[in-house]
Amino acid sequence: MDATTILAWQQLRLEAGPSIEQMKPNFSVHLRRRTMRGDLVDSWSMPTSSTCGYGAAVRAAQSIKSEPVAPTAWSPKFTRIGNLCISALLMMLICSQSALSAGGSGKTLHYTSGGPGVAIASAGFDLADVQSVEQLNALPPGMKGLIWLNESSGVTPRFIAKVKPFIGNPRLFGFRLCDEPDITGKYHSPAVSPAALKAETEWIRANVPGAVTFVTLMDMGSFEAPAFMNTFNPANTGIDLFGLDPYPVRGKAFDLDFIDRTVEAAVAAGIPLDRIVPVYQAFGGGNWKTRTGAAADVYVLPTPDQAKQIFARWATYSPAPVFDFAYAWGSQNGDIKLGSASPEALELRLAFKAHNTAP
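Our subject in this report is the structure included herewith. Only a predicted model underlies this, so the values are computations on that prediction, with no experimental measurement involved. (Residues numbered from 1 in each chain as written. Predicted model: local features only at pLDDT ≥ 70, side-chain atom pairs only at ≥ 80, totals over all residues. Heavy atoms only, no water.)

## Some thoughts on the nonpolar core
1) Next: Membership of the largest hydrophobic core comes to 55 residues, with the highest contact counts inside it found for Phe-175, Leu-177, Ile-204, Val-263, Ile-276 and Phe-352.
2) Next: Take this core: its biggest share by element is five residues, from helix 10 (residues 257-268).
3) Next: Once you skip the residues sitting within four places of it in the chain, Leu-177 turns out to touch Leu-149, Asn-150, Glu-151, Leu-197, Glu-200, Thr-201, Ile-204, Phe-214, Val-215 and Ile-239.
4) Next: Phe-173, Val-212, Val-279 and Tyr-299 belong to the second largest nonpolar core, which has 18 residues in total. (Core = buried A, V, L, I, M, F, W, Y, C linked by side-chain atoms within 4.5 Å. Buried < 20%, exposed > 50% of the residue type's maximum accessible area, 1.4 Å probe, protein only. Helix = DSSP H or I, 4+ residues; strand = E, 2+ residues; numbered from the N terminus. Contact = heavy atoms within 4.5 Å.)

Rendered as structure tokens:
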């Protein structure tokens with residue numbers, strides 16, 4: 001399967017359930033369907049105005065989950081209407097993905113935090129972590145700025161004072177409201193409410209048209225069972241994009257399936273695939289601690305080969321995200337990061353540059 005087909009398959013699997021896996025071997029073969037007249041047409045040309053719609057396509061898929069599937073043909077119970085519904089589903093997925101991509105250009109931007117513009121540009125990054133107008137205006141030509149606000153209490157005077165200086169600046173891409181807001185207040189204090197983030201997003205949308213809003217999400221579950229249910233999503237916050245940061249390279253494991261588990265949990269919590277920003281692990285060591293299963297564990301700097309595998313796994317879900325996020329460029333907790341001077345970091349930087357500059 002190519003990346004587009006994989007995207008459609010992953011979304012269908014998430015909605016219809018794991019038992020639809022029996023159809024995977026034939027999925028890409030059957031992307032071309034016959035119309036009601038029997039003419040062969042390309043699935044991607046089907047109109048998005050189909051009355052079947054997304055839910056009907058999923059129901060059509062669910063209705064045949066238990067039927068035996070022939071090696072080269074769909075089950076007879078999968079009717080022509082079902083075929084048209086699946087075509088409409090795939091088309092809607094692709095269209096919605098491209099509509100959100102980097103201002104409609106279809107070009108994925110590449111973001112990293114904690115690095116100066118000139119330095120990160122040398123590794124192919126074109127979206128910078130910015131906190132002041134002076135920093136934004138000093139970025140290299142062609143680079144945009146994602147403003148770090150660190151605000152999650154609603155539209156306060158401090159929030160407005162931070163946002164206002166950027167209004168009308170052509171170098172502005174958007175605002176990163178906060179990092180891993182905690183709806184419970186148990187891990188990060190104070191607790192953050194969806195209503196507060198929704199108020200911030202609506203104020204930005206009204207006063208800074210075209211600016212993107214973004215947060216990274218806190219995983220409220222575990223390595224084995226990530227969870228985002230009843231936290232933050234587009235419906236209760238209005239936020240445009242949500243970063244997911246399943247870091248798979250650890251002292252005790254290198255588990256790419258952690259990415260799968262995390263994406264599936266986010267989609268189940270109401271975050272569509274086209275609203276997800278992949279956050280790539282680009283750090284290791286230092287004083288960061290985590291848990292893998294029941295055991296205490298540490299993060300390990302990915303090798304270039306591991307980074308390529310991370311890129312490839314994420315591409316099965318987000319082949320063309322609005323932007324992706326390498327965490328991080330600058331060291332924060334005694335760790336080795338992408339911007340470090342160690343030989344390992346320099347090798348990893350080359351892998352990210354190849355990813356960022358690929359056609």
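So much for the structure itself; the text now carries on.
## Looking at the pattern of salt bridges
1) Next: All told, the structure shown has 10 salt bridges when counted by the stated rule.
2) Next: One salt bridge connects Arg-176 with Asp-179, and the closest N-O pair in it is separated by 3.0 Å.
3) Next: Judged by relative accessible area, Arg-176 falls into the buried class, the value being 8%.
4) Next: Judged by relative accessible area, which is 35%, Asp-179 ranks as partly exposed. (Salt bridge = Lys/Arg side-chain N within 4 Å of Asp/Glu carboxyl O.)

## So, the side chain of Asp-335
1) Next: By secondary structure assignment, the location of Asp-335 is in the loop between strand 13 (323-327) and strand 14 (336-337).
2) Next: Polar side-chain contacts of Asp-335 include one of 2.7 Å to the side chain of Trp-288.
3) Next: Apart from residues no more than four positions distant in its own chain, Asp-335 is found in contact with Phe-283, Gly-284, Gly-285, Gly-286, Trp-288 and Ser-340. (Polar contact = N/O pair within 3.5 Å; in protein donor to acceptor, adjacent residues only side chain to side chain.)

## Things to note about the packing of aromatic side chains
1) Next: Scanning the model with the defined rule gives 19 aromatic pairs in all.
2) Next: Centroid distance Tyr-247 to Tyr-327: 6.1 Å. Interplanar angle 20°. Geometry classified as stacked. Of the two residues, Tyr-247 sits in the loop between strand 8 (241-244) and helix 10 while Tyr-327 sits in strand 13, which places them 80 residues apart along the sequence.
3) Next: Judged by relative accessible area, Tyr-247 falls into the buried class, the value being 10%.
4) Next: Tyr-327 sits in the buried class, given a relative accessible area of 15%.
5) Next: Ring centres of Phe-283 and Tyr-327 lie 5.5 Å apart, and the angle between their planes is 80°; this geometry places the pair in the edge-to-face category. Within this pair, whereas Phe-283 is found in strand 10 (residues 283-284), its partner Tyr-327 is found in strand 13, the two being separated by 44 residues in sequence. One exposure class covers both Phe-283 and Tyr-327, and it is buried. (Phe/Tyr/Trp six-rings, centres within 6.5 Å; stacked < 30°, edge-to-face > 60°.)

## Overview of the pairing of strand 3 (residues 109-112)
1) Next: A two-sided burial pattern is seen for strand 3, the buried positions comprising Leu-109 and Tyr-111 on one face and His-110 and Thr-112 on the other.
2) Next: Across four bridges, the pairing between strand 3 and strand 13 is parallel. Following the sheet pairing, Tyr-111 is matched in strand 13 by Phe-325.
3) Next: Of the strand pairs in this sheet, strand 3 and strand 4 (residues 127-130) are connected by two bridges, and their pairing is parallel. Across the sheet, Thr-112 pairs through a bridge with Ala-128, a residue of strand 4. (Pairing = 2+ DSSP bridges.)

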